[in-house]
Structures are given as C-alpha cells and as structure tokens.
Amino acid sequence: GQLLQLLAAERRDYHDFFRRLGNVAAAELATLDDSFVDRERWRSWRTGYRQRLAMEDRDDSQRQAAMHAVNPKFVLRNYLAQLAIEKAENGDDSLVNTLLAVLQQPFAEHPAQQALAAPPPDWGKQLEISCSS
C-alpha cells in the first residue's frame, strides 16, 4: 500500500521502521516524522493509520505485542554474514555463535545485542553474499 511505496521510494529499512512503528504509541506517531523526506505523504498515511487504530478494540501495548510478534527485530543482514565469515576464517567464531543465538529468537529484544538490529552501514547496503561463501 501507500506506506510500502513511501518506504521503497525513500529507501527506508523495512525491518527497522516497522519495529519503530510498533514501539510508538498511537498518540505519538508524529515522532516518526523525521524518518521521512516526503513528510506530507507520511503525514497523510499517519492520519489514516491513527483513524484505523481508533476504531480497533485494543490499546497500544496490545498493538505493540501484535506488531512485534510478526516484525523481527533481528534479521541476518548480508554485512553481518560477511563480518561473521571473515572472523570465522581467522579462527574467531564468536560472531557466528552470537548471530546464531540471536537469530534463534529474532523477535526477542536481546538488549546486549542492540548493534545487530541496526540498519546496515553505508558500506554494507550493496553487499551481496553468494551461496558459496
């Protein structure tokens, strides 16, 4: 729909955005305004979304739990796989083990592993990992 088109047009990270959307109370959706260049398009979607939320029979905590149950906080990003491969090739399997532990429960918060949930750095956005890696 409209939001997915906006996210694609602005090259936003879907996983990160939907996690943040789930964290924000309906009354505080405007705090996400700075996430978008095309704020008018975002505000239009935000207005319709708030109206839809007002019609639902659940509070913010229920909505948050539902959103977080289907939007993983952690995904195996190519740059993380590349870093893990490089470390493993040098005899350090710690990142492989950490990724394995986190990805076994990708919807959990894992506070000590926040950095693994961050959007990819600029150098990692175009990185491709082959099946033979």
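Now for a description of the structure that goes with this document.

Thresholds, definitions, all that
- Residues numbered from 1 in each chain as written.
- Predicted model: local features only at pLDDT ≥ 70, side-chain atom pairs only at ≥ 80, totals over all residues.
- Heavy atoms only, no water.
- Helix = DSSP H or I, 4+ residues; strand = E, 2+ residues; numbered from the N terminus.
- Buried < 20%, exposed > 50% of the residue type's maximum accessible area, 1.4 Å probe, protein only.
- Contact = heavy atoms within 4.5 Å.
- Areas by Shrake-Rupley, 256 points an atom, 1.4 Å probe, with all protein chains shown as cover.
- Lys, Arg positive; Asp, Glu negative; His and termini not counted.
- Charge placed at Lys NZ, Arg CZ, Asp CG, Glu CD.
- Phe/Tyr/Trp six-rings, centres within 6.5 Å; stacked < 30°, edge-to-face > 60°.

**Regarding the overall build of the chain**
Okay, step 1: A count of helices and strands for the chain gives six helices and zero strands.
Okay, step 2: When its helices and strands are written in sequence order, the chain yields α-α-α-α-α-α.
Okay, step 3: Along the longest, intermediate and shortest principal axes, the C-alpha atoms of the chain span 55 × 30 × 20 Å.
Okay, step 4: Counting the 133 residues in the chain, one finds 34% classified as buried.
Okay, step 5: Intrachain contacts of the chain at a sequence separation of at least 6 include 66% that bridge at least 24 residues.
Okay, step 6: On the chain, roughly 8400 Å² of surface is accessible, and the fraction owed to carbon and sulfur atoms is 51%.
Okay, step 7: In the chain, the 16 positive side-chain charges and the 19 negative ones have mean positions that sit 5 Å from each other.

**Quick word on the packing of aromatic side chains**
Aromatic ring pairs are reported here in terms of the distance separating the ring centres and the angle at which the planes meet.
Okay, step 1: In the structure shown here, the tally under the stated rule is six aromatic pairs.
Okay, step 2: Aromatic pair Phe17 and Phe18: ring centres 5.6 Å apart, planes at 75°, arrangement edge-to-face.
Okay, step 3: Its relative accessible area of 2% is what places Phe17 among the buried residues.
Okay, step 4: Taking the relative accessible area as the measure of exposure, Phe18 reaches 18% and is therefore buried.
Okay, step 5: Between Phe17 and Phe36, the ring centres sit 5.5 Å apart and the planes meet at 75°, which makes this aromatic pair edge-to-face.

Nothing here speaks to function; it is geometry throughout.
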